[in-house]
Structures are given as structure tokens and as C-alpha cells.
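# Analysis of the macromolecular model
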Amino acid sequence: MLRDKDKILLCELASTGDITRFIHHPLEQISDWGKELGENPDLKLLASEITASPALHSLSLQQHKNLEYMNLYVFADCEENSIVVAHALEHPDIQLDIHHFLDEVMESVELWKEKGNCVLTGMRAGGYCVSYLAERLDMEATVFAVPTSDELPGRVRNLVAEHDPVGAYLDKVTFVKQQTEETDLEEAYFKIVEFDSEGNAVPSVQSDYSKFVSWFYNTVGTIRPDVWHIFFGENREEEPVLDYGLYSLFLKMDGLTEESAGRSIEQVIRYTEQQLEKNRSTLQNEFIHIKVEQIKDFIRECGEQLTNQAVDMVYDIYRSVESILAGAALFAMNKNTISVIPVMESFNERTGELLDREIVFITNTIEQEFQNYMDNMLMFPEISLEW
């Protein structure tokens, strides 16, 4: 019976390079593979771990399917019991391409399923692919380190290191104890997570760091350009390549201090007040075109519209500042250059007060414009006495 550790070792093997040249080669000879797989720094340790696993000795690579950046490897023993490993590169079109990939591999996997016991596994993007394969075949799957910004399909057990950011959907996630406090994305995952003496993952709970980073990655959005320029200045040379998102934020973090953040927030408050005033200023022009019989409906609709626009604007600006300050907390976590929580609490309070005042301003503005409208309607026309 394959253990969690056996499955992750095969996932790691699939990611070492082109292993298709070893079709029909038994894993017990894996020490010979390294000579042809190049200078992968973890390959020697990986080969040692695979050699030490009795469950993997009888397996050999039997089949390979490829679709651009997605691969499927089938390892099987002499009794045709198999383990299907998906490997994929991170790709922006994976959600679109996954169904084409499944169409290509379904028939092969179904044949292995009919021959004997069949196990599905994959890591990261490969695990994402396997979850869809498990759903189509109505099978269970064990996957590793798969982000869960959306709920994974199928009967999936997603093993994630306790300090890893993962996503909002945790029903299928099992957090696993880590051997180290930090997760190095370049390091082999089997060296990060901890296994018991039986080779099964040691359960843990999600760490506070994981919760924070997951929250940040799931909530950070595109920052308003005007807010970005307030915090980081405007550089015409950088402008064409800025995405006003996570990567651009990462590049700018070194220049952000608590003092500069405080100054920027004061400017953001003034900027917000100016934008809200512009929003109200459109009201006067609207009144000019309204007929008397429409005035009551117009006042109600106008009040709702201005209020909704004000709320959306303040919230959008708030989220932009929140993204910047959360990025400061994440990317400068060990430097403690900014006391993010009190700064954010103060900004939250001030934007709340700003929005409360704005609703009063909107009400007063509508009343004043209505009064001006009625005064103009009741004004007698000038009478000329010239003959």
C-alpha cells in the first residue's frame, strides 16, 4: 500500500525533468537515472528516499501523456496496479486547458483502472489537474500544495504544509507539520513536510502566518493608480509595465517607511474628499434637465445613486490602501519597518467618519439644489413695458 511519502516522492520525480526516456525502467534502478537527468540538487536525496521505500521497488514507468505544459505519468507493478501522477507548470490558461487535457488522458487512465488498483496523485498545478481527473473518474486522489482560491473538485485530500499560503476553501485541506519554520518555494516539498515512521503525513493546524498570507493573496486587488502614485510617486518609465498589483507592490516595498506611509495616508484622505466633492458637483447639472412631474422620483434616485457611488469610491480607495499596507506587513515581515495594524485601524476609522459626513453632505446638497430648483420655477418672468 502506498504511503503519503511514496506519492509525494513520485510527484517530485515527475518534476525533475524529462523522465520519459526511462519508460519500462524499474524504480529500483533509479540511482542510474540521475546520470541523465542533469544537476538537480535534490535528485540524489530523492533517489535515496525512493530506494528506501519497499512499496516503490516494484514500480516502473509504463506510460506518458503530454499536452503542452501538462504531463501524465503512469507507474505500475507487474500485477498492473498503477499510480497516476500528473505534473503541470503554472500557467494562466490552465483552467481553460484542463478539460482538453482530461479528454486526452481519460481513456488511458480508465484502462489502468480496469486492470488493477489505481491511485491518483499530483503536486501544485499537477494536483489541480488530478482533482479534475478524480472527479471525472469518481475516484479519490491525494494531492500536495494545491492552492484553493476555488473549491477543488472531486474526492480530494489536499496535503499542505502548515506555513504555506493556500486559499479560502479549506474543506479538503489537511495541514501537515513542517520540518522548518519557513517554506522555500525552490525546495523539494518532501524535504519541507514531515512524515511519521509509517511514511504518512503528520497532521497539524494552519499557522497564523499561513492564514495571513492566504488572506493577503486572496484579497489583494488592483490598486487605484492615483492611490499608487500618492504612495510611490509617478514614474513615466515604469508606467507601461506596472500592473498595480502584487508583483509591482513587491518591487516597491523597500522604499516604504512608517513616516512616508503616514504622509501618504494624509494625502489619500484629502484625495478622497476631493473625489467625493466631484461626485456631488454633478448634481447641479442634473437638476437643470428635470421636469416638475419627475422631481420626486429624481430626488430619491439621485440620493441613492450618489450614496452608492460614494460608498463604492471610499471602499475602493480603502482596499487600495489596505493592499499596500498588507503588502508592507507581508514583504517586510522581519524588518518591522511599519506598525501596520494601528496605522490601518486609524485609517479605517477616518474613512468611516469621512463616509458618514459625505452622506450628510449629499442630503444637504440635494435639499439645497431642490430649493434652488423650486425658487427658479416660482420666479416671475421679467415684463417689458416697452411699446
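For the structure itself, look to the data block above.
Residues numbered from 1 in each chain as written. Predicted model: local features only at pLDDT ≥ 70, side-chain atom pairs only at ≥ 80, totals over all residues. Heavy atoms only, no water.

### What about the nonpolar core?
In summary, soluble globular proteins display a tendency toward joint burial of nonpolar side chains. Definition in use: To qualify as a nonpolar core, a set must consist of buried Ala, Val, Leu, Ile, Met, Phe, Trp, Tyr and Cys residues joined through side-chain atoms within 4.5 Å. Residue exposure (1.4 Å probe, protein chains only): buried if accessible area is under 20% of the type maximum, exposed if over 50%, otherwise partly exposed. Only DSSP runs of H or I covering at least 4 residues are called helices, and only runs of E covering at least 2 are called strands; the numbering of each starts at the N terminus.
If you look at the biggest cluster of nonpolar residues, it comprises 40 residues, and the most contacted ones within it are L10, L13, L27, F75 and Y189. Elements that contribute at least two residues to this core include exactly α1 (4-14), α2 (43-51), β2 (70-76), β3 (82-88), β4 (118-123), β6 (155-161) and β7 (173-176). In terms of residue count, the dominant contributor to this core is α1 (six residues). Within the second largest apolar cluster, 39 residues are counted, among which are W228, I317, V343 and M344.

### Considering the pattern of salt bridges
What counts here: Counted as salt bridges are all cases of a side-chain nitrogen of Lys or Arg within 4 Å of a carboxyl oxygen of Asp or Glu.
Inspection of every chain in the model, using the stated rule, returns 13 salt bridges. A salt bridge links E140 to R155; its shortest N-O distance comes to 3.5 Å. Linking E140 in strand β5 (residues 140-144) with R155 in strand β6, this pair joins segments that are 15 residues apart in sequence. Across the pair R280 and E358 runs a salt bridge, and its minimum N-O distance is 2.5 Å. On the criterion of sequence distance, the pair formed by R280 in helix α9 (residues 258-288) and E358 in helix α11 (residues 340-378) is long-range, its members being 78 residues apart. Taking relative accessible area as the criterion, R280 reaches 17% and is therefore assigned buried. Given the relative accessible area of 2%, E358 is considered buried. Ionic contacts of the salt-bridge type, sharing partners, join the residues D138, E140 and R155 into one network.

### Some remarks on the packing of aromatic side chains
Applicable threshold: Working definition: a ring pair exists when centres of Phe, Tyr or Trp rings (six-membered ring for Trp) sit within 6.5 Å. Plane angles under 30 degrees give stacked, over 60 give edge-to-face, the rest tilted. Criterion for a charge above a ring: Lys NZ or Arg CZ within 6 Å of the ring centre, and within 35 degrees of the ring normal.
Inspection of every chain in the model, using the stated rule, returns four aromatic pairs. Ring geometry for Y318 versus F347: centroids 5.8 Å apart, planes at 10 degrees, classification stacked. With Y318 in helix α10 (residues 295-331) and F347 in helix α11, this residue pair connects regions lying 29 residues apart in the sequence. As far as the burial class goes, Y318 and F347 line up, both buried. One aromatic cluster is present, built from ring pairs that chain together W228, F231 and F232. Above the plane of the ring of W112 lies K115, whose end atom (NZ or CZ) is 4.2 Å from the centre.

### Digging into empty space enclosed by the protein
Let me state the cut-off plainly: In the cavity and pocket records, a cavity denotes points on a 1 Å grid over the protein atoms alone where a 1.4 Å probe fits but cannot get out, a pocket denotes an open set with protein on both sides within 12 Å along at least 5 of 7 lines, and lining residues are residues with an atom within 4 Å of a point. Grid points are joined across faces, edges and corners, and a volume is the space filled by probe spheres set on the points. Only Asp, Glu, Lys and Arg are considered charged in this grouping, and only Ala, Val, Leu, Ile, Met, Phe, Trp, Tyr, Cys and Pro are considered nonpolar; every other residue, Gly among them, is considered polar.
Here the structure, examined in full by the defined rule, presents one cavity of 30 Å³ or more. Here the largest cavity defines a volume of roughly 30 Å³. Residues of the lining of the largest cavity, tallied by class, amount to eight nonpolar, no polar and no charged.

### Looking at unusual backbone geometry
With a phi angle near 55 degrees, E68 is a residue other than glycine that sits in the positive phi range. As for its position among the elements, E68 is in the loop between β1 (60-67) and β2. E68 gets classed as exposed once you look at its relative accessible area, which sits at 63%. A positive phi is found at A145, a non-glycine position, where the angle reads about 55 degrees.

### Quick notes on the sheet that holds β5
Strands pair in a sheet through their backbones, by hydrogen bonds, and they do so in one of two ways: parallel or antiparallel. Cut-off, in case you're wondering: The pairing criterion is simple: DSSP has to find at least two bridges between the two strands. Lines fitted to the C-alpha atoms define the axes, with helices restricted to the stretch that makes contact. Angles between their N-to-C directions range from 0 to 180 degrees.
Ordered by their spatial adjacency, seven strands build an open sheet running β1-β2-β3-β4-β5-β6-β7, and the pairing between neighbours is mixed. Whereas interior strands pair on both sides, the edge strands pair on one side only; in this sheet they are β1 and β7. Between one strand axis and the next, the sheet turns through 20 degrees on average, direction left out of account. Bridge count for β3 against β4 is five bridges, and the pairing is parallel.

### Digging into helix α7 (residues 225-232)
Burial runs high along α7: six of the eight residues are buried. For α7, the full list of buried residues reads V227, W228, H229, I230, F231 and F232.

### Quick look at the packing of helix α4 (residues 94-115) against helix α5 (residues 125-137)
Short version of the rule: Between 65 and 115 degrees an angle is taken as roughly perpendicular, under 35 as roughly parallel, over 145 as roughly antiparallel, and anywhere else as oblique. Note on convention: the crossing is left-handed when the near helix lies turned anticlockwise from the far helix by less than a right angle, right-handed when the turn is clockwise. Residues are treated as being in contact if the distance between any of their heavy atoms lies within 4.5 Å.
Relative to each other, α4 and α5 sit at 60 degrees, their axes nearing to 9 Å. Our classification of the angle between α4 and α5 gives oblique. Between α4 and α5 lies a crossing of right-handed hand. Facing I94, Q95, I98, H99, F101, L102, D103, V105, M106, V109, E110 and K113 of α4, the residues of α5 in contact are A125, Y128, C129, Y132, L133, R136 and L137. Partitioning the contact of α4 with α5 into residue classes produces 13 nonpolar, two polar and four charged.

### What about α4?
Filter applied, for reference: The length a helix should cover is 1.5 Å for every residue beyond the first. We define the bend at each residue as the angle formed by axes fitted to the 7 residues ending at it and the 7 residues starting at it.
Between its first and last C-alpha, α4 extends 30 Å over 22 residues, near the 32 Å set by a 1.5 Å rise per residue. Of all the bends in α4, the greatest measures close to 45 degrees and is centred on V105. Along α4, the residues classified as buried are I94, I98, F101, L102, V105, M106, S108, V109 and W112. Where α4 is buried, its residues touch β1, β2, β3, β4 and α5.

### Observations concerning the pairing of β1
Judged from the seven bridges that link them, β1 and β2 form a sheet pairing that is antiparallel. The partner of Q63 across the bridge, within β2, is V74. The antiparallel hairpin formed by β1 and β2 contains two residues in its connecting segment, where E68 sits at a positive phi of about 55 degrees.

### Side note on the layout of surface pockets
Size it by volume and the second largest pocket reaches roughly 210 Å³. Taken together, M1, L2, A55, S58, L59, D77, N81, S82, I83, N117 and V119 form the lining of the second largest pocket. Residue composition of the lining of the second largest pocket, grouped by class: six nonpolar, four polar and one charged.

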